[in-house]
Every structure is written in structure tokens, then in C-alpha cells.
Amino acid sequence: MSSPTSEQPLDIEAWRGIASEENSERTAAEATDKRSVARLRSRSMQLLGSLVRPHRRILALAVVLLLVQDVAAMAGPFLVQVGIDRGIPPLRDHHSYAVLLSVGVAFLTASGLGYLTKRAFLMLSGRIGQAILFDLRRRVYKHFQKLSLSFHERYTSGRMIARLTSDMDSISEMVDNGIDDLVLAGLNVISVAIILLFLDWPLALATLCSFPFLLWLSAWFRSQSARAYRRTRETVSLVIVHFVESLGGIRAVHAYRREPRNQEIFEAVNHEYKRANQRAFQLIAIFSPGIKLIGNVTIAVVLTYGGYRVLHGQAEIGVFAAFVLYLRKFFEPMQDLSMFYNSLQSATAALEKLAGVLDEKPDVAEPTSPHELTASRGELRFESVQFGYRADRLVLPELNLTLPAGQTVAVVGATGAGKTTIAKLVSRFYDPTAGRVTLDGVDLRDLAETDLRRAVVMVTQENFLFSGTVRENIAFGKPDATDAEIERAARAIGAHDFIAALPERYGTDVAKGGGRLSAGQRQLVAFARAFLADPAVLILDEATSSLDIPSERLVQRALRTILADRTAIVIAHRLSTVEIADRVLVLDAGIVVEDGTPAQLIDGDGRYADLHRQWEDSLV
Amino acid sequence: MIVMLVSAGLAVGASIVVPLVMQRVVDGPVRHHDQNGLIWFGLAALALGALEAFMVFLRRWTQSYASLSMEADVRDDLYAHMQKLPLTFHDRWQSGQLLSRAITDIGSLRRFLSFGVIYLIVNICQYAVVVVLLIRLYPPLGALVALSAVPLFLISRQFAKRFLRVSRQVQDAQGDLATYVEESAHGIRVVKAFGRRHHMFTRFTANADKVYQLAVQRARLDSRFAPLYELIPNLSLAVIIVVGAVAVVQGHMTLGQLVAFATLQMGLVWPVESLGWILASGQEAMTAADRIYDVFDTEPTVVDRPGAVDLRRDELRGAVRFSDVRFSYPGSDTPVLAGIDLDIAPGETMALVGVTGSGKTTAVSLVPRLYDVTGGRITIDGHDVRDCTLDSLRRNVATAFEEPILFSMSVRENLALGRPDATDDDLAEALRVAQADFVYELPWGLDTRVGEQGLSLSGGQRQRLALARAVVSRPKVLVLDDPLSALDVNTEALVEEALERVLAGTTALLVVHRPSTVALADRVALLEDGRITAVGTHSELLATVPSYRAVLSAEADDRPDLLPEGKGVAAR
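About the cut-offs
Residues numbered from 1 in each chain as written. Chains lettered and ligands numbered in written order. Predicted model: local features only at pLDDT ≥ 70, side-chain atom pairs only at ≥ 80, totals over all residues. UniProt positions renumbered as here; feature names shortened; annotations may be inferred. Pairing = 2+ DSSP bridges. Helix = DSSP H or I, 4+ residues; strand = E, 2+ residues; numbered from the N terminus. Axes fitted to C-alpha atoms, helices over the stretch in contact; angles between N-to-C directions. Parallel < 35°, antiparallel > 145°, perpendicular 65-115°, else oblique. Contact = placed C-beta atoms within 7 Å. Nonpolar A, V, L, I, M, F, W, Y, C, P; charged D, E, K, R; others polar. Left-handed = near helix turned anticlockwise from the far one by under 90°. Buried ≥ 20, exposed ≤ 12 C-beta atoms within 10 Å, placed from the backbone. Core = buried A, V, L, I, M, F, W, Y, C linked by C-beta atoms within 7 Å. Domains from an automatic or database assignment.

An unreviewed UniProt entry lists chain A under the name ABC transporter ATP-binding protein, with Actinocatenispora comari given as the organism. According to its UniProt record, chain A has this under Sequence similarities (unreviewed entry): "Belongs to the ABC transporter superfamily. Lipid exporter (TC 3.A.1.106) family." What the UniProt record of chain A gives under Subcellular location (unreviewed entry) is the line "Cell membrane".

Read across the sheet, four strands follow the order β2-β1-β4-β5 (chain B) without closing on themselves; strand pairing throughout is antiparallel. Unpaired on one side and paired on the other, β2 (337-344) and β5 (383-384) of chain B mark the two borders of the sheet.

The subject of this paragraph is the packing of helix α9 (residues 228-249) of chain B against helix α10 (residues 255-296) of chain B. All names here are of chain B. Put simply, α9 and α10 touch, their axes get as near as 8 Å, and they point 170° apart. Relative to α10, the element α9 lies roughly antiparallel. Seen from α9, the contacting residues are Y229, E230, I232, P233, N234, S236, L237, I240, I241, G244 and V248; seen from α10, they are L255, L258, F261, A262, Q265, M266, L268, V269, V272, E273, L275 and G276. Residue composition of the contact of α9 with α10, by class: 16 nonpolar, five polar and two charged.

Take the UniProt feature "transmembrane region" (unreviewed entry) in chain A next. All names here are of chain A. Annotation from UniProt places "transmembrane region" (unreviewed entry) at residues 58-84, 96-117, 182-199, 205-223 and 283-305. With 100% helix and 0% strand, the stretch residues 58-84 has end C-alpha atoms that lie 40 Å from each other. Note that residues 283-305 is 100% helix and 0% strand, and that its end C-alpha atoms are spaced 33 Å apart.

Where helix α10 (residues 259-311) of chain A contacts helix α2 (residues 35-84) of chain B, the axes come no closer than 8 Å and their chain directions differ by 165°. Between α10(A) and α2(B), the crossing angle belongs to the class labelled roughly antiparallel. Like other packed secondary-structure pairs, α10(A) and α2(B) cross with a definite hand, here right-handed. Residue classes in the contact of α10(A) with α2(B) are distributed as 27 nonpolar, 16 polar and nine charged.

With that settled, the discussion passes to the interface of chain B and chain A. The partner chain A presents 162 residues to the 170 residues of chain B that form the contact. Among the elements that take part in the side of chain B that touches chain A, α2(B) stands out by supplying 26 residues, more than any other. Per-class residue counts for the side of chain B that touches chain A are 90 nonpolar, 45 polar and 35 charged.

Looking now at unusual backbone geometry. Residue and element names in this part refer to chain B. At R369, a position not held by glycine, the phi torsion is positive, near 60°. Relative to the elements of secondary structure, R369 occurs in the loop between α11 (360-365) and β4 (375-380). Residue class for R369 comes out buried when judged on the 22 C-beta atoms lying within 10 Å of it. Non-glycine residue D381 carries a positive phi angle of around 50°. Looking at the secondary structure, you find D381 in the loop between β4 and β5.

The biggest cluster of nonpolar side chains holds 353 residues, and the ones touching the most others in it are A:F527, A:A528, B:L352 and B:A468. Of the residues forming this core, the biggest block, 23 residues, is contributed by helix α11 (residues 317-359) of chain A. Those residues in contact with A:F527 that lie beyond four places of it in its chain are A:V459, A:I493, A:A495, A:A543 and A:V555.

Residues and elements named next belong to chain A. Tracing the sequence through the fold places E366 in the loop between α11 and β1 (380-387). E366 sits in the partly exposed class, given 13 other C-beta atoms within 10 Å. For the pair E366 and L444, spaced 78 residues apart in sequence, the C-alpha separation works out to 9.9 Å. Once you skip the residues sitting within four places of it in the chain, E366 turns out to touch A448 and E449.

With that settled, the discussion passes to the domain arrangement of chain A. According to the domain assignment, chain A consists of domain 1 (33-359) and domain 2 (381-619). The C-alpha centroid of domain 2 of chain A is placed 55 Å from the C-alpha centroid of domain 1 of chain A.

Residues and elements named next belong to chain A. In terms of strand pairing, strand β3 (residues 408-413) meets strand β9 (residues 583-588) through five bridges, oriented parallel. Each bridged residue has a counterpart across the sheet, and for G413 the counterpart in β9 is L587. Examined bridge by bridge, β9 and strand β10 (residues 591-596) share five bridges and lie antiparallel to one another. For L587, the partnering residue across the bridge sits in β10 and is V592. Here β9 folds back onto β10 in antiparallel fashion, the turn holding two residues, of which A589 has a positive phi close to 50°.

So, about the environment of B:G96. All names here are of chain B. Along the chain, G96 falls in helix α4 (residues 95-137). For G96, a count of 23 C-beta atoms within 10 Å puts it in the buried group. Linking G96 and Q174, residues 78 residues apart in sequence, is a C-alpha distance of 8.9 Å. Sequence-distant contacts of G96, defined by excluding residues within four places in its chain, comprise G175, D176, A178, T179, Y180, V181 and E182.

Residues and elements named next belong to chain A. Read across the sheet, six strands follow the order β6-β7-β8-β3-β9-β10 without closing on themselves; strand pairing throughout is mixed. Every other strand in the sheet has two partners, leaving β6 (456-459) and β10 as the edge strands with one partner each. Each strand of the sheet is rotated relative to its neighbour by a mean of 20°, with strand direction disregarded. Contacting β3, β6, β7 (537-541), β8 (567-571) and β9, helix α12 (residues 419-426) runs over the sheet at an angle of about 150° to β8. Each of β6 and β7 touches helix α17 (residues 519-533); the most contacted strand, β6, lies at about 175° to it.

This brings us to the pairing of strand β3 (residues 349-353) of chain B. Residue and element names in this part refer to chain B. Where burial is concerned, most of β3 is hidden: four out of the five residues are buried. Alignment of β3 against strand β8 (residues 507-511), held across four bridges, turns out to be parallel. Looking at the pairing, A351 lines up with L510 of β8. When β3 meets strand β9 (residues 523-528), the two strands line up parallel, connected through four bridges. Residue pairing for β9: L352 is matched across the bridge by A525.

This is the structure:
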């Protein structure tokens, strides 16, 4: 493969590299084969049902209002007919205004009623629509939070964002402008058909001949546009994924002049999105005039045939006029309805995507009948634990290990030796493929999430801070903490001094992603947050790498107190952190090759002794 | 656009003519029992109907190209503009707000332009044409229909004003929600580690509830105004029937004219009614445009000055000088850097040392102009960095960030970020320097995708790739921001050894936390309280500057009892 150059035309796939034989980023929620699509379709209908169910009473009321509104609207042409056929003759013959005036009054009443019911309906439907949207947002968000890390690693943050923003938008667009017109169209078809039959049945039968064509056209549009809109949902998430990732790494983008290439990629995915939309739009461009054509042909036929009937005295002229008016009332909104039908299709595609997410089961599932664990001692045990991220590559072949309560254990070893994997198993980000991990003798898989998280907390090198104040970020470890507790945690870890020097102290906004704080400061905040959580088992995964020596020294000193009465797993390449440990494990390819107190290992001639010597040399 | 308007106009024209045909049918063939005439009129109606449908097709088809191309173009431009905006902008703006502008707002703009605008113009034209026809049919009633536009106009003005305010609030709240979602997605590990999903969910609910409340408020406003658009044409229709019937009796109108009149007026109900939602979507589009312009109106501040010079690599020596450099973040009155003076000779390696939060990272970010100084200047070979073209500046200054940023793409693409024409040999050499040979053991070697959507690498691995990336671009000036913090001692020593060779011909600025890394530097500068307080070799400073010792010395007062058997001291 030749190296990419800027002159080369953009190959949308080449730059991305290979992730796996198949597309590993596709989770079941993103599957596009026929069977999955059919399954998602039915799931999305179930989802819709469950969303609507709580509102069924108000919805019934809304439908009644809509019916009244429809009747009021339908009364118009009928009253026109009455006015012409029954109002004019008495006026002409006897100068009697009675019929005409009552027609006028009836017309006014119908209009007023139409106004009131429409207003009430819009209010109700708006409320229900928004409530459904609110419910759906919450459900999807909650489910995302529940899904395991392995899912998130495959699904990626960009897609999650796409589901919760752009997909919700297309549903909300339909909720905002579509529902009543959609329902009204259905009502219209039925009520117009009935009225037409009632007015003049031979003419009505001629009209009804157009219905099969309408149905056929709609069915065609439905199946085609479902596919087209599914594609728009998929392409828009690619746009969002690239957008979020490239702007999230804007520092590197600027520093390495990545802008032109980013622009190329963005335009390419954006173009795909545009093409997907274009396909959908072209379908409407056929569907909508198609409806119009059917309507117009019908009107022309009715005009001729109706005229013929009037000519031969088989129909009254007023009936004929009303008939044509009804037809227009039927086809006119239907025309613009194609647009709403369109947003319905778009919303359905979005709903399918969301149903796909809700359909995902967490790999790390909550136990159905959890073992209660109120106060954990913190004894950890690995029993014949086997683990691999991929089936063909075991990270831990077989691990047997007991960490007594209160012990501080340092894990060292080369990159890829499985240190972080051990941490992830203890914090149950993953479940072992074989064997079990126990806390106080209880399998982690039998613990309720809240109990487990109260007992086990991990601090990583990532140090992600949420936007908000320093105080809020520390309180993340214990949301109901008082200000005094928060400050105590910060003091204990040695973060108080820098926080006190910030413009608004604990109330200072950490800005997006903690951008204003330095990496070291963020690490300190992350430490304080873990300290505040006060777990029985604390895992530190390279948690001091960004600290300068004075801060590290403070943290070191704090750790000795903090870790005194709890179990701790410390993963570090800096041996300064390791030295506070009671016990050191040296890991190689998932196997513990050395195990002992730091002093024992230093005096030996194993790897740790080597590492230690190198580290001491590095201090000079 | 012209095709669209013409086809829309013709379509409306055809739809207006149909009732007139009807009138002729009633007054002509039907009255005169003319069967042939009837068939001719039927055929005419058919032809008109087909024409109308064809025009609708034409309009929609062109419209789909026009509006979608517009949408894609605006989105491309917006993205380009966002990429151009400086870090200060990105620090300040919530990412979700940017996203909702790029996706949702541009979308609603397109929706309005593709449906709303056309309908607005077409409907108003239809209204005008119909009114003229009505006036010609029977002036008194026609005038009445024309007058009904007055209340419609007044209502629309009220509606527009109020709707604009609420819709901006809704869109802003949606942006906030998007921001929250984005954070939850990126911080998912922390949320999991602390088991805080219920807490996150509660806060999400609060955000979603705000959107809900505002959206309901918007729906309420809509429900108060939209039905009026239906009421008014219906009321005029009621009057038409009564007055029209009287007029027919008095002989001012024929029966056919009345039928046509009623039909035409009936045909107005829908266009007028739809004005309600057209206006609403118009308001939304206006808000969207406002929000998009918030971004477009932000001028990129870090840009090429007129007459900026190109730094040519072969002529560049790489002398970097900070002269009285000052910097404070926008909106903050505490300066991070309060006058730095520092001279780095070509080829020299200078380490920056200081406590956490002392501004080291900020100082080195100023060299490639990730931020611009707020006072003083930085020069390379005597050129103020602000007088150089950004492209040449950043080509010659490469940065490895402390937090390695890898994009979801192949290792090769990640490494060649700063130099797309790098050969595999160049990459191999850089990987050797950074001790990142592990990439060859990845399933697809250099083609393996890494980053969020690819293989996840450990912190140390990512840091080494970021370092290799900086080396690949063969810069004249290399900025390394604590580039070895996540490496173990063993690897660190190897990297340092290899780096030594690279640094020989390169001017380098290192941000350093550890004595072992300081060994790479020829000289060290101590950054305290926004100023450089000492410059010298590591051993000089260690011997003469107490505060330097405090920051960098592993030897601390409580050290001996921390180290088992006092080994740390013995090693000194």
C-alpha cells in the first residue's frame, strides 16, 4: 500500500485503516441485514406502543376533538350546497331569508367550533408529543448509561450523540408539525367517501375508483422511503462522529495542519448524507405530484361525468358543486400531507435506530437477585480468572490471586502485560470469560451495581472532568457531600492550595473537558473525587503520571493515610508510587511472575530489582 | 430558484383555473345541454390537472437539488470556519452547541427554504390572484375577502414576535442538552467507575425537562394562533354564502359565478391555514440562522497577517526567543504569563520546569500559535511568529501533547498527520525513536485503525505514537509537553537515548516533570508565577536555586522514610 499523499484523491475508507475483518464498529444496534431490519422494525413499533400507552386516555380525547373538528370542517361544503339549493329558491320566490340566514348561522357555528376544537387539540397533541419525546430521551439515555463499556467502545461516543440529538430531532419534527394532519388525512378519506356516497352514489363510485391508485402509490412510497431514510440516519451519524472527534481534538488539528484533510473527509461524509437525503427527496418529488395527478384526473372525470348527469337531470347542480368542493378538500391537504408523511418516515427510521439501541443487552448485566453488601471489608479474590478482549487472544490465561482486606498491592509490568485488565475486572467494566472475581467472597456478578460501585472505585489516567465547577466535579464522588466534606477531600489530597488560588475557588468553572486546568490539576481533582467516594477498594491506574514532583509527594503522603484502612490496587510505572505498597506483583503476559513485599523483591535478582535499579538511576 | 418559482406559479395557476372551468361547465354546456362541449371541458380539465402535477414534480425535483446542496454547502463552510477558529473559541464554546448548530440548525434552515419559502411565496401569490379574480367576479364580496387579509396580517405579526423568542430558547436548550449528551458519552468511563449513572440520569432529566417545558410553551403559543388562520377564511366563506345568495337573487351574479366564487374562496382556506406553520417554521429558521451566524460572525483571530512570510525549512536556523511574553485567557484578568524572556539557541534543548498549573503548557502552546500572545512577542530567527504564515510555522514547529490525541484512523495516517508524504521508512525511524515498535504487532500493522473507533491502546502506547508523530514531521522546532509521563522507566530510558539523536539538530522546548527527562535538556528554565526566575543547567540550578530543588528534586525531606532502607538516598 502506498503512503497517502495530499494529492491523492480521497479514498473514504483508506484513511480510516482496518478495524477488523468485518466492520467491528457495527454493533447489533447498527446491523443492516434484512432480518435485523425486520426485527428492528417490529421492535420500533413495540417501542412506539409503549411510549403512547400512558397517554391513551388523553389521546382518545384528542381523537374526539379531531373528529369534531373534522365534522365542523366537512360541514362547510355541505352548507354551501344547502345555501345554494335550498336557500336561493325561497329567497327568489318568497323573499324569505330564513333558510339562508340559518345556513349562515350554522356556518358561523361550525367555524367557531372548528376553531375551538383545533385549538384544544393542538394544545393536547403538543403536550403529548413533547411528553413522549421526553420519555423517549430519558429511556434511551438511561439505557446508554446501563450498557457496558465494551458496547460503548464499539459503538463510539459520536454515534451515541447522533442517536440522542439528530434522531430525536427527526422524531420531534414529526411531533411538532405532523400528527394532526396525518390523523386528519385518515379521517378525511373515510368521511369524504361517506359524504360522497350520501350525496350522489354513482358519482361517488366513479370517484372511489381512484383509491386503489392512491393506496398503491402510498405503499410504494412507504417501502422505498423507509430504506432511504434509514440511510440518512446512518450517514448523519457518520457526519456527527467526524464532527465530534475532529473538533474534540482541535489542538492536534491545528498543531499538525490537519484542517484541509479534515475538510476533505467532512465534505465526503457530508456529501454522502446529502445524497441519502436527495434520494428521499426525489421519492417525494414523485410521490407528491403523483397524488396530485390522481386527484386532478379524478376531478376531471367527475366534472365530465357529473356534468353529464346534471345534463340528463340525474343530479342537481348544487349537489354537483358540493361534490367537486369535497373532492378538492380531499386532495388539497393530501398534497401537503405527503410532506408530513415524509417526516413520519424519517421519524420511523430514527425510531428504528433507537429501538436498536434499547434492544442491546448489557454484557455486564445487573444480577436479577443481587447479593446484598452493605459494608464491604474489601477482600478480593481472583479464582481461575481467564480473560481476553478477543476470543483468540487471552490477556489473562489463568489468574489465581487473593488480596486480603486492607492490603495495598502494586502491579507492575510492561505495556500489555494485563495490569489495566485486572483493574477493569475488579471494577467490573468487563466480566471474566472464565472463573470468577469475588469481593468478600461474593461473585462480582451477584452484586447490585450500587453496592459494587460504593465498594470499588477506580481512578484512571484519563481524568475526565465534566463541565461545571470544581466543587461539582469533586462531589461527583459523593453527590450529597457538604462543602466542608469537599474541602476536606481536596485538602487531604493536596489539591486545596491550587483550588484556593483559582478565581472563584471551588466555584470556578473547569470549562469544557477541564481545559482550563492543567493535566496535573485535573489529576488532583480526580483524586479528590475518588477520595470523597470513600470506597473499600480503590484502584489507581497510572493515576499520578501527570503530577509534578511536589504534588506527587503530597499525594504520596496522603495515600499512605488514605490507603491505610482499605484495599488498594496501584498500577504505576513510577516506582515512587509503588513504594507505599505492602505487596508488589510483577506481571508478564497475564501471569504473576513475582510476588512479595517491595523490600523482598528489591533484594532479590528478579525483574523488580532491575526495574528498581533503573528507576533509582533515573532520579539522578 | 427561478425554475421552482415558475413551476410553482404555473401549478397554482392551473389549480385556480380548474374552478373557472367548472363555472363554464355549469353556465355553458350544462345549461345549454351541450354534450360535446362538456367533453371538451372535461379534456381541458384533465390537461390542466396533468400540467399542474407535472409542474409540482418539476419544482420538487429541482428543489431537492437546490435545497440539499445549499444545506451541504453551508455545513461544509461552517465546519471550515469552526476549524479556523482559534483554541480560545473552542475552549469557550460548548461542543454540543456547535454540533446542534451544524446539524439541527442547518437542517431547519433547509426545511424552511425547501418547503416554507416556496409555500410562503406561492400561497401569498395565490391569495392575491384569487382576490383579483374574486373582485372581478363580484366586487363587493371580492373586497371583503381582500379585507380579511388585514386581521391575518396583524395576527401574523404578533405570532412571529412571540414565537421567535420561544423558539430561540428551545433551540438553545436543545444545544445544552446536546452538550450534556456529548459529555456523558466522553465521560462514560468515569460515570461507570463511580457508579453514578443515576446521578447522571437525574441531571439529564433536568436538562430534558427544560427542553420539554419550553417545547410545550411553544406548542401552546402555536395552538393559540394556528387555528385563527383557519377561522378567518371560514368566516368570510359564511358571509359569502349569505350575501352571494342574495346577490344571485338580485341578479348581480349568476349561479355559476357563485359556485365558482365559493370554490375559489374554499381553495384559499388551506393556503391561509398553512401560513400558520409556515410562519412558525420561518421563525425557527430565523433563529437557526441567528445561531449559525453566532459562529460565522466570530472572526478567526489566529490568521495569516497580510504579507506574512513563509518560513523555509532549509533557511531556518531555529533560534526561538520569548520577549516579554504575556498571556491571559480571554475573560480572565489573572495573567498566566506575566512577561517571559527566554532565548533558545538553534539546536539547543531547553526544558521548562515549574509546579502544576504554572503555565508551562500555555507557554509552549504560544510557539505554534495555538494561542496568540496578549503581550510581547515570540520570534523564530527574528521573525515574529505572528508575521509568519500559519502553514509554514506549524510545519516547522511540531508539538507532542501531554494528552496524546489520536484520531480514529490508521496508525499510518495518525503518524503522518504533519507530513502526509512521509514514507514507510520515515515512519519506521520515528517509531524506533519513540520505542513504538508495537505497532508492527498490531493485527494490521500500520493500517490498523486506532483511536475511539478502532483498537484501544494503553496510555503509554498512545503517548509514544504522539511522540513518533512529532518526530515524523521533522520539525525545526520540537515542542514536547511532558511526552514521557506515561512511560515506564525502562522505555523512558530507551526513548531518551533515541531522542537525543533527533534533538541534536533540532531546537526543542520540553515541558518536564521528572529529573530523568531533564537530562535531555541542555539548559533548564524555571517558571514561577508567570515569570522565568532562573535559567541554567540542571546541576547549576539544583545547586543554587532552592525553589528549583523543591520542584524537581526527588530528594525530599520525608523521602528517606518513604523509601525502604533509605535506598533512594543511597543512590544519590
